[in-house]
Each structure stands twice: as structure tokens, then as C-alpha cells.
Amino acid sequence: MRSIQARYTIITTMLLLVILALVGTSIDMAIRYRIQDDGFGNAERVASQWSALVRIGNIPDPIPATAPVDLVQLVNSHGTVINSSRQAMGMAPISTSRPPADDRFQQLTEGSVMVMAIRVSPAADSPVVYAGLEEPAILHEHHLEYFIAAGVLILLALAAWMTWCVVGRTLRPVAAIRARMSEITVSDLSLRVPIPPGEDEIALLARTANQTLTRLEEAVEQQRRFASTASHELRTPIAGLRVQLEEALLYPDDIDPRDTIRGALTASGRLEAIVNDLLQLARLRAADPAPQELIDLGDLVTEEAAQGTGMPVRVQVTARVQVRGSRIQLIRVVGNLLSNARRHADSRVEVSVGFEDGKAVVAVVDDGAGIAPADRERVFERFTRLDDGRLRDSGGSGLGLAISRDIAHAHQGTLLIEDSPRGARFVLRLPPEDTRPLGADPEVQRAGPGKTVPPSRRADGRESTGKSTGKESAGRESAVKGATREEGPRKARKAPKEGALDEGTHGEGVGTKGPFTWAGHRRR
């Protein structure tokens, strides 16, 4: 049966039937025992009285008897009635059973008569006194059982009706929720399910459903805005590419093919960067798990600070902080923050790695113009670029910070912009795997806290060759395998400005225009 209301009603009725059957049987047995005990008790008193008179030979004829015990007989050893009460005159012996000499009192039931038989003496020829009374009709004609069965059926019917009504009333909000849910479509997510009064499970379910619908509506609206913005961002380089190609076809004598090819390659590079960022966002939003490994944040930041050119970076590692996550993704976040800090800094960039409030913390601070408090959350939106970023780098896609924050969230961390006396301060917080004081790690001691890492040198003082060593090298080599290689015609592309990156505002991601791609490997 598919109806919950019907199932609960049937189950409740069946359970109640079993319980009431047991209770009814117990009541029937108790009432029957009580009535029979009272009847046999009265018959025993009468039979004992006349048995004593028989022994002394002083019994009247006929034997006087009153209701309810009005059947009294004295029967000899041959089964002949020798004396009786008026109500028992002319009747055959009430019973043919004679109590034995060693058990002179017996309770008997003869048809509808309850009989008490008492043997006057143990002698073999001793007569027997029988005292009997009619069994009540409530027992003899099973009126008691019928009455109890009727009561059980009435209680069952009442219980079934009450269960049906109570369950139906309980499920009525569910029916209303189901009806409203059937009206909700992807084109209109503004409807909400009705919330019943109270704090029961159904009310909590309705509130949770409404919260889920609110999040779904926000997600769908965000996807619509993203699709609109993405199409607009893609339309711009496509339109530029089309104009260049059409111009080359219409004016072949006035247009240098090499310039057209270079322009087409630049536009296709921007398209490739946007598409790669969109794919990365899709992977992060789809919660596609990346390979996890143990990463030393101090080493990773120091390696990234040694890459690229431009503003020198001062790295301060106050503790050996290890996290578990995707090396490629964390390289992208750190590289993104460093490249933006270098782009917007006036004279210096400072990076600190440490342990704060139970979290691994990487803080990247520049001394540039900073970001207004009103824009600190807006810059994390996709395709958002501030005016200063557009002036410094017109080729960014505006996806860098969105990707960086998604990577932080994928690692159960956060990426925020915090207050700073000057410039912008980006703070990445991640759950640590292991933390040790600076003095406990000889390698960190050798690197030294607060060391400034020139962009052309590695943290260990050796000239940067664009390749990492140890674990960093393994991580970067793994990135190369999945990255898009630029070969063939791309070698003719005009070399990008040294140190320029994909994004044009604070946090705009490391793209294909810098010395490293988003995956963290150096371009050819």
C-alpha cells in the first residue's frame, strides 16, 4: 500500500487488535473466575450445613433451600435421591460423580449448573450432599465474550478513525509542500513552500526546503549573470580578431600580414586564457578532487617569490607550516597574489608565512594604492576588474581572484583582504597539517626569516633557472604534463612584456602572459 496514512492506520489498528485481544481475554477470565468462585463458595456453605445435619440425623424433609442455591439433594451410595429441596423434587441426581473418601469436597459443573458435592463420611456407604445453582446467563450463554468482543471492535474502530485523522492532519503540510514544489520550475524559483506552525520535523523540513530553494535561486541567477558576462568577455577578443582578419582581406596592400598574424595570436592567447580560467572555475565548482600531497608552505612561497621579474619580494617564514592539498592549485594562488602585489606595489612586497589561531597563514602585502573597503568583496566576483587594474594591464580576464578564492575554499580555507596601513593585504588561511617553531627546522633556519628574495634569484641565493628542486620540481613537472604547450606557430608570437601576467587587478590570476602559466610552469 503506497499511502503513508493508510499504512500507519493499518499498522496501528493491527497492533491495537493484538493488545485488546490479550486484554479482553484477561478480563473474560478474571470475570468468569470471580463469578464461579462466588457461586461455588455459596454452594459449599449450603452443602456443608446439610452435611453436618445428615451426620447427626437431624435433616428435615424436604430440605429447605433459598436462592441462589436452591437445588439441594441427598443421594445414597446406590445413586438414589433420598431427600431434596422443593426445587429439586422429581429430578434425577444432580450429578453421578461421588467424591472419594480421601477428598470429600468436589466442585462440579453439570451442564449449566454449578454443583458442590460433599461426602458425609469416609465410610463406603456414606451418602453425598449435592448443593447447586444455575450458572449465570452471562457465562452460560457467552454473553460476557460477546460483550468484550463488541467493546474491542468499538475501540478498534475509534482508534483507526483517530489514527487516520491524526496522520492525515500531520501529513497535510506535506501535501501542501508537494503541491507547491510541483509548481516550482527552473524558470521561476521565486516560489517557496508553506511553513506549518510549530517546530516539529515537518516545519524544519519546510524551512530547509526554502533555504535550499533560496540557494538554488541564487546559484541559477549567478550562473545566468556569469553566462552573460562570459559571453561579453569572449565577444570582445573575438570581435577584435574578426576585425583584424577582415581588414587584412579588404586591404591586402595596406596591411602587413605579420602584424595581422601577431594581432590574431594575441587575441587567441587572450581567448585561450579566458577559456582556461573558465575551465578551472568549472572544475573547482564541480568539486573535482585534485591529487593531495603534503606541502611546505614556506618552501612553496619562497620558490614562487624567486620566480618572475620586477619588484623584489621580502619573504618572512616564522614557522614551518605544512598543509595537505594540491600543489598546482596552491602554486597558482600564491603566484597570483605575488604577481598582483608586484604589479601594484610602489617599492616593496612583503610575504609572511606563519601560524595564527590554529590556521596556516600566508599574508601578501604591497605598498601600493590598496583596495577600497567597498571593493574588497567585489573583486572576488568573476570578470571584475578595477579601473587601476585595467590601466596597469589591459589584457586580464578578471577571473584570477575568483579562482584563487575557490581554490582556498576547496582546501577548507579562506582568502580575504584585510586592513593594512598602506597598500593591499591579501591573507590566505588554510588548515595546517603540521606546524613547528622556526628553530626546530634546520632548513628554515638556513633560509633565514625575513630574507628578501630578488626576482632573478632563488631563495637559496642561486640564480633562478625557471625550474624548481626537490618537491617543488616534482610538482612543477607534474603541471607541465597537463598544461598546453606553445609550439609551432606560437614561437612567432611577440614576446610578452617581462613580468606581465594574465590579470589586470589585485588578485587577477596568473595567466599565459607571464613567465609562468596558470599551472605553475615556465612558458617556452
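For clarity, every value in this text was computed on a predicted model and none was experimentally measured.

Calculation rules
Residues numbered from 1 in each chain as written. Predicted model: local features only at pLDDT ≥ 70, side-chain atom pairs only at ≥ 80, totals over all residues. Heavy atoms only, no water. Helix = DSSP H or I, 4+ residues; strand = E, 2+ residues; numbered from the N terminus. Expected span 1.5 Å × (residues − 1). Polar contact = N/O pair within 3.5 Å; in protein donor to acceptor, adjacent residues only side chain to side chain. Axes fitted to C-alpha atoms, helices over the stretch in contact; angles between N-to-C directions. Parallel < 35°, antiparallel > 145°, perpendicular 65-115°, else oblique. Left-handed = near helix turned anticlockwise from the far one by under 90°. Nonpolar A, V, L, I, M, F, W, Y, C, P; charged D, E, K, R; others polar. Salt bridge = Lys/Arg side-chain N within 4 Å of Asp/Glu carboxyl O. Buried < 20%, exposed > 50% of the residue type's maximum accessible area, 1.4 Å probe, protein only. Contact = heavy atoms within 4.5 Å. Core = buried A, V, L, I, M, F, W, Y, C linked by side-chain atoms within 4.5 Å.

Chemist: Tell me about helix 1 (residues 4–56), residues and numbers included.
Modeler: With 53 residues, helix 1 extends 78 Å from end C-alpha to end C-alpha; this agrees with the ideal 78 Å at 1.5 Å per step. Where helix 1 starts, the residue carrying a side-chain oxygen 3.4 Å from the main-chain nitrogen of Gln5 turns out to be Ser3. In the stretch just after helix 1, Gly57 is the one whose phi turns positive, near 75 degrees.

Chemist: Now, about the packing of helix 1 against helix 3 (residues 143–183): what can you tell me, with residues and values included?
Modeler: Interhelical geometry of helix 1 versus helix 3 gives an angle of 155 degrees and a closest axis separation of 8 Å. Looking at the two axes, helix 1 sits roughly antiparallel to helix 3. In this structure, the crossing between helix 1 and helix 3 has a hand that is right-handed. Residue classes in the contact of helix 1 with helix 3 are distributed as 18 nonpolar, seven polar and three charged.

Chemist: How would you explain the side chain of Arg343 if you had to name every residue and give the values?
Modeler: By secondary structure assignment, the location of Arg343 is in helix 7 (residues 327–344). Here Asn340 takes part through its side chain, which lies 2.4 Å from a polar atom of the side chain of Arg343.

Chemist: Help me get a handle on the pattern of salt bridges, residues and values and all.
Modeler: Applying the stated criterion to the full structure yields 20 salt bridges. A salt bridge links Asp38 to Arg34, with the nearest nitrogen and oxygen atoms 3.6 Å apart. Of the two residues, Asp38 and Arg34 are both situated in helix 1; the distance of four residues between them amounts to about one turn of the helix. The salt bridge involving Glu217 is made with Arg192; its shortest N-O contact spans 2.7 Å. Here the residue Glu217 occupies a position in helix 4 (residues 201–250), and Arg192 occupies one in the loop between helix 3 and helix 4, the gap between them amounting to 25 residues. Among the charged side chains, a network of salt bridges with common partners joins Glu356, Glu418, Arg425 and Arg429.

Chemist: Can you break down helix 6 (residues 297–306) residue by residue, with the values?
Modeler: Counting buried positions over the ten residues of helix 6 gives nine, a clear majority of the element. Residues of helix 6 that are buried include every one of Leu297, Gly298, Leu300, Val301, Thr302, Glu303, Glu304, Ala305 and Ala306, and no others. Sitting at the amino-terminal end of helix 6 is Asp296, which places a side-chain oxygen 2.9 Å from the backbone nitrogen of Gly298.

Chemist: I'd love a proper account of the packing of helix 7 against helix 9 (residues 400–410), names of residues and values included.
Modeler: At a minimum axis distance of 9 Å, the contact between helix 7 and helix 9 shows a crossing angle of 135 degrees. As judged from the angle between their axes, helix 7 and helix 9 are oblique. Of the two possible hands of crossing, helix 7 and helix 9 adopt the one that is left-handed. Residue-level inspection shows Gln329, Arg332, Val333 and Asn336 of helix 7 in contact with helix 9, the latter providing Gly400, Leu401, Ile403, Ser404 and Ile407. Here the residues of the contact of helix 7 with helix 9 are counted per class, giving four nonpolar, four polar and one charged.

Chemist: Lay out the nonpolar core in plain terms, naming residues and giving numbers.
Modeler: Across soluble globular proteins, you tend to see nonpolar side chains buried next to one another. Membership of the largest hydrophobic core comes to 44 residues, with the highest contact counts inside it found for Leu297, Val349, Val351, Val362 and Val364. Residues contacting Leu297, with those up to four places away along its chain left out, are Val321, Val323, Val353, Ala360, Val362 and Leu430.

Chemist: Hey, could you go over the environment of Gly423 for me, with residue numbers and the actual values?
Modeler: Along the polypeptide, Gly423 turns up in the loop between strand 11 (414–418) and strand 12 (425–430). Placed 55 residues apart in sequence, Gly423 and Gly368 show a C-alpha to C-alpha distance of 4.4 Å. Once you skip the residues sitting within four places of it in the chain, Gly423 turns out to touch Asp366, Asp367, Gly368, Ala369 and Gly370.

Chemist: Now, about the environment of Leu297: what can you tell me, with residues and values included?
Modeler: Tracing the sequence through the fold places Leu297 in helix 6. Sequence-wise, Leu297 and Val362 are 65 residues apart; in three dimensions their C-alpha atoms are separated by 8.1 Å.

These figures capture arrangement, not role.
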